[in-house]
Amino acid sequence: MFPETWEFHIAGWINDFTNWLLTTFTAFFDGLSGIILSLLLNIHSGLEAIPWWVYILAIALTSYFTTKKIGLSVVLSLLPIAVGLFGLWDLAIETIAIVLTAVVIAILVGIPNGVLMAEFNRIEGLGRPILDAMQTMPSFVYLIPTMMLFGLGKVPAVLATVVYAVPPVIRLTNLGLRQVSQEVQEAALAYGATRFQLLKEVRIPLAMPSILAGVNQTTMMALAMVVIASMIGGGGLGYEVLVSINRIDVGRGFEAGISVVILAIVIDRLTQGFAKRFEPPSN
Amino acid sequence: MTQQAIEVKGLWKVYGPKKENVPLDQPDKLSKMEESREAVVAVRDVSFSVNAGEVFVVMGLSGSGKSTLIRCLMRLVEPTAGTIKMNGEEVTSLNNQELTQFRRNSAAMVFQHYGLLPHRTVLENVSFGLNLKKVPRKEREERAIELLNTVGLDGWEAYYPANLSGGMQQRVGIARALASDPPILLMDEPFSGLDPLIRREMQEEMVALHEKTHKTIFFVTHDLDEGIRLGDRMAVMRDGLFVQVGTPEEILENPADDYVARFVEDKKELFQEAKKEHGDDENREGMTEDVS
Ligand SMILES: Nc1ncnc2c1ncn2[C@@H]1O[C@H](COP(=O)(O)OP(=O)(O)OP(=O)(O)O)[C@@H](O)[C@H]1O
Ligand SMILES: [Mg+2]
């Protein structure tokens, strides 16, 4: 037994600190909360307004035009029907809304940071260990600070998802920009490209496949995190899984689980097909 | 009176240590740093000048510092010491903005591995420099099409570099260099990656092009034949030093040392032939198509 008299708690301080943060920066947290919530609600009502068969059709067409594979397109577009048959369509839309919101924010934050890391070695030196730490941390850990600052609900769920899912897009933006052939970059400089022109005309377009691979990974991680974020009020399919676990309702949990997997497969294939379109022509 | 297009004085490039930590004034210390691989001296106190309209060839074996030298002229590699004057401008003292302007207007470079943008069409590649200068689209496209005609690539505008053979890609590279009509062309082994027949063809076309435009050409090669065929004057480079500078005849007749002599061995006969052939070239049509 560990000696009881040695017990020492920091919980009180942490709570005090959080309270201090919240009272001092009320305007900031409220503002951020409001922006995220309205983004989420707009995306959600937009997604809800689209009839189910439009999704099926859109998946089929997008998949066909990006991959040119008929079989794959048919399977991908039929899979979501199973979600509807389980009666989970609306929850799936709710999940997608949170994922989409989180991915939009992750891209807005992640790509500029990746560019900064590629442009400045010092920032890369600083950022790399932070990203490493973020990616080794178990996803549950992100629930605590976001919950502390934003309580329970959709907004902390989105934020926890953003924080968990943002590393790949930063990393692969940085990597993609750094991998652009030195010779091509040198040629661009020799023709009088400024640093900004080099970035805009040469490095970013050539890093696009890598950046989009990052977006794909970020999306997949966001989907995984949204399920977990249902614990702090994220709702959607994750909540269905959570309820089933609490009630030991294996069948219901299975349906919800399968639906999550279906979302994952469809989103993964679509974003990957899209990324292929951005590869420069080669022979 | 001929004006000097390129004037280089006391140029050094030492890779490794920072510029201010290179002991150029202490040769002993520098050679110790070289021995310990702390520093690599790629260009060693090189001075020369190139007349306007001249084809000046730098020839040397792999690792002799040719690419470093040509990159120093464009300041793609920052020289350790020395001054470079090109087209009346002192390149070594330009600030960033002036350097950008210099690269856009005064000199253009052709690369051994072409250095084309794989995500841009042939047309966009040729007009790349004009695009950077914000020349209006219509104007730069007209110019690009005109140049594609000059290099015999009309009809290939919408293709991507990956669709083209090596020889055709280098034609795009040459058209790109000509786009902003710079007075000086810098070419770093432009034909080394091509197979012999196409290489010959490209050399002939370059001679024709030079006769038409009279641009100053600074040409780097590891191939003595090529140097003799193209150069008005030649420099032989070894371990970062200019071992000998002169006309091809002078170098063939009086090799300055064993190194040059070994290069030159057996080449005299070939040179006589080349000279005869060169006479024929004058009557030949400029650019022929090469689809391989
Ligand atoms: N970025 C660099 N850092 C350190 N050393 C370098 C660098 N670039 C070139 N060198 C060295 O400088 C020397 C000259 O290289 P350079 O590429 O200029 O030779 P080269 O004559 O163009 O050879 P090649 O015919 O192979 O192209 C070589 O010893 C090379 O290893
Ligand atoms: Mg070289």
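Residues numbered from 1 in each chain as written. Chains lettered and ligands numbered in written order. Predicted model: local features only at pLDDT ≥ 70, side-chain atom pairs only at ≥ 80, totals over all residues. Heavy atoms only, no water.

Asker: Could you clarify how one ought to interpret the packing of aromatic side chains in this entry?
Answerer: The relation between two aromatic rings is expressed through the spacing of the ring centres and the mutual angle of the planes. Residue and element names in this part refer to chain A. This model, assessed by the stated rule, comprises 16 aromatic pairs over all chains. Taken together, a centroid distance of 6.2 Å and an interplanar angle of 85 degrees make the contact between W20 and F25 edge-to-face. Of the residues examined, W20 reaches a relative accessible area of 46% and is grouped as partly exposed. Owing to a relative accessible area of 40%, F25 belongs among the partly exposed residues under this scheme. Here the aromatic rings of Y55 and W89 are separated by 5.8 Å at their centres, their planes lie at 70 degrees, and the arrangement is edge-to-face. (Phe/Tyr/Trp six-rings, centres within 6.5 Å; stacked < 30°, edge-to-face > 60°. Buried < 20%, exposed > 50% of the residue type's maximum accessible area, 1.4 Å probe, protein only.)

Asker: How should I be thinking about a nonpolar patch on the surface in this particular structure?
Answerer: Residue and element names in this part refer to chain A. A cluster of nonpolar side chains, namely W52, W53, L57, L61, Y64, F65, I70, V74, L78, I81, L85 and F86, defines an oily patch on the protein surface of about 1200 Å² accessible area. For the nonpolar patch, the elements supplying multiple residues, two or more each, are α3 (52-67) and α4 (70-85). Following the sequence through the fold, Y64 ends up in helix α3. The class for Y64 is partly exposed, based on a relative accessible area of 31%. (Patch = residues over 30% accessible without salt bridge, like charges linked within 9 Å, V, L, I, M, F, W, Y side chains within 5 Å. Areas by Shrake-Rupley, 256 points an atom, 1.4 Å probe, with all protein chains shown as cover. Salt bridge = Lys/Arg side-chain N within 4 Å of Asp/Glu carboxyl O. Helix = DSSP H or I, 4+ residues; strand = E, 2+ residues; numbered from the N terminus.)

Asker: Help me understand the site of ligand 1, please; the structure alone is not making it clear to me.
Answerer: All names here are of chain B. Surrounding ligand 1, one finds Y15, V40, A42, L61, S62, G63, S64, G65, K66, S67, T68 and E189. Within the side chain of T68, one N or O atom sits 2.5 Å away from an oxygen atom of ligand 1. Note that an oxygen atom of ligand 1 is positioned 3.2 Å from one of the side-chain N or O atoms of E189. Protein contacts shield 58% of the accessible area of ligand 1, which totals 630 Å² for the unbound molecule. Those elements giving two or more residues to the shell around ligand 1 turn out to be β2 (40-51) and α2 (66-73). Here the shell around ligand 1 is built from residues that sort into four nonpolar, six polar and two charged. (Near = heavy atom within 4 Å. Polar contact = N/O pair within 3.5 Å; in protein donor to acceptor, adjacent residues only side chain to side chain. Nonpolar A, V, L, I, M, F, W, Y, C, P; charged D, E, K, R; others polar.)

Asker: What am I meant to see in the sheet that holds strand β10 (residues 241-246) of chain B here?
Answerer: Strands in a sheet are paired, the pairing made by backbone hydrogen bonds, and the direction either parallel or antiparallel. Residues and elements named next belong to chain B. Strand order in the open sheet formed by six strands is β6-β7-β8-β3-β9-β10, and the pairing between neighbours is mixed. The sheet terminates laterally at β6 (107-110) and β10, the two strands that pair on one side only. Averaged over all neighbouring strand pairs, the angle between strand axes comes to 15 degrees, with direction disregarded. Across five bridges, the pairing between strand β9 (residues 233-238) and β10 is antiparallel. (Pairing = 2+ DSSP bridges. Axes fitted to C-alpha atoms, helices over the stretch in contact; angles between N-to-C directions.)

Asker: Quick question: what am I supposed to make of the nonpolar core here?
Answerer: The nonpolar side chains of soluble globular proteins are, as a tendency, buried together. Counting 93 residues, the largest nonpolar core has I6(B), F48(B), M86(B) and F218(B) as its most contacted members. With six residues, the single largest contributor to this core is helix α7 (residues 166-178) of chain B. If sequence neighbours within four positions are ignored, F48(B) has contacts with I6(B), E7(B), V8(B), F56(B), L69(B), F218(B) and F242(B). Of all hydrophobic cores here, the second largest spans 53 residues; its members include I59(A), L131(A), V215(A) and A222(A). (Core = buried A, V, L, I, M, F, W, Y, C linked by side-chain atoms within 4.5 Å. Contact = heavy atoms within 4.5 Å.)

Asker: Is there a simple way to think about the sheet that holds strand β1 (residues 4-15) of chain B in this case?
Answerer: All names here are of chain B. The strand order across the open sheet built from four strands is β2-β1-β4-β5, with neighbouring strands paired in antiparallel fashion. What marks the edges here is a single partner per strand, and that holds for β2 and β5 (89-90). As defined by bridge partners, β1 adjoins β2 across eight bridges and the pair is classed as antiparallel. In the strand pairing of β2, E7 is matched with S49. The strands that α2 touches are β1, β2 and β4 (81-86); relative to β1, the one it contacts most, it runs at about 120 degrees.

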